Amino acid sequence: VEDTVKKVGSAHLYQAKTTNREDLKELIRICNQENLDGEDLEACGVFILQQLQKLSQNTLNGCLLPDQVLMNNWNSKDESQVRSALSSDAVMLWDRWYRHAVFLAENHILSRAEAATLFGPLLIS
């Protein structure tokens, strides 16, 4: 998905849409293609949001960022501090999500504030 975003860009990558179970197999097929166009990219964005929330909820704590991580009295929460406080089953998901969020910010697709607003509710308890 990130290679396609670099090529075509998309201001609408993560527009809130819903999908039903019948569309799920088609979305998986589309997202697994090597060459996505803008329309396919938007569909994959919807799929990514849905799957991120499901994966987050299926971690040991029931979310990627449990309250104890968010409530730590760190002066500033940097990536390594957050990572070190996660359960072992959440670390891989955190690493991949964090790299993707950095990619979105560095490529001016979403600001950090927009990424926090979009992804935050999917990652916390």
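Before any of the text, the structure's been laid out above.
Residues numbered from 1 in each chain as written. Predicted model: local features only at pLDDT ≥ 70, side-chain atom pairs only at ≥ 80, totals over all residues. Heavy atoms only, no water.

Let us now look at the layout of surface pockets. Computed from the structure, the largest pocket encloses a volume of approximately 560 Å³. Along its surface, the largest pocket is lined by 22 residues, and Trp94, Trp97, Tyr98, Ala101 and Ala116 are the ones closest to its centre. Breaking the lining of the largest pocket down by element, the ones donating at least two residues are helix 4 (67–70), helix 5 (79–84), helix 6 (88–106) and helix 7 (112–123). For the lining of the largest pocket, the class distribution of residues is 15 nonpolar, two polar and five charged. (1 Å grid on protein atoms, 1.4 Å probe; cavity = no way out; pocket = protein on both sides within 12 Å on 5 of 7 lines; lining within 4 Å. Points joined across faces, edges and corners; volume = space filled by probe spheres on them. Helix = DSSP H or I, 4+ residues; strand = E, 2+ residues; numbered from the N terminus. Nonpolar A, V, L, I, M, F, W, Y, C, P; charged D, E, K, R; others polar.)

Where helix 6 contacts helix 7, the two axes come as close as 10 Å, and the packing angle between them is 155 degrees. With respect to their mutual orientation, helix 6 and helix 7 come out roughly antiparallel. When you trace helix 6 past helix 7, the crossing you get is right-handed. Taken together, the residues of helix 7 that come into contact with helix 6 (itself represented by Trp97, His100, Leu104 and Ala105) are Arg112, Phe119 and Leu123. When the residues that make up the contact of helix 6 with helix 7 are grouped by side-chain class, the tally is five nonpolar, one polar and one charged. (Axes fitted to C-alpha atoms, helices over the stretch in contact; angles between N-to-C directions. Parallel < 35°, antiparallel > 145°, perpendicular 65-115°, else oblique. Left-handed = near helix turned anticlockwise from the far one by under 90°. Contact = heavy atoms within 4.5 Å.)

Evaluated as defined, the whole model comprises one salt bridge. For Arg83, the salt bridge is made with Asp95, and the minimal N-O distance between the two is 2.7 Å. Pair noted here: Arg83 is in helix 5 and Asp95 is in helix 6, with a separation of twelve residues, a long-range link. Taking the relative accessible area as the measure of exposure, Arg83 reaches 33% and is therefore partly exposed. (Salt bridge = Lys/Arg side-chain N within 4 Å of Asp/Glu carboxyl O. Buried < 20%, exposed > 50% of the residue type's maximum accessible area, 1.4 Å probe, protein only.)

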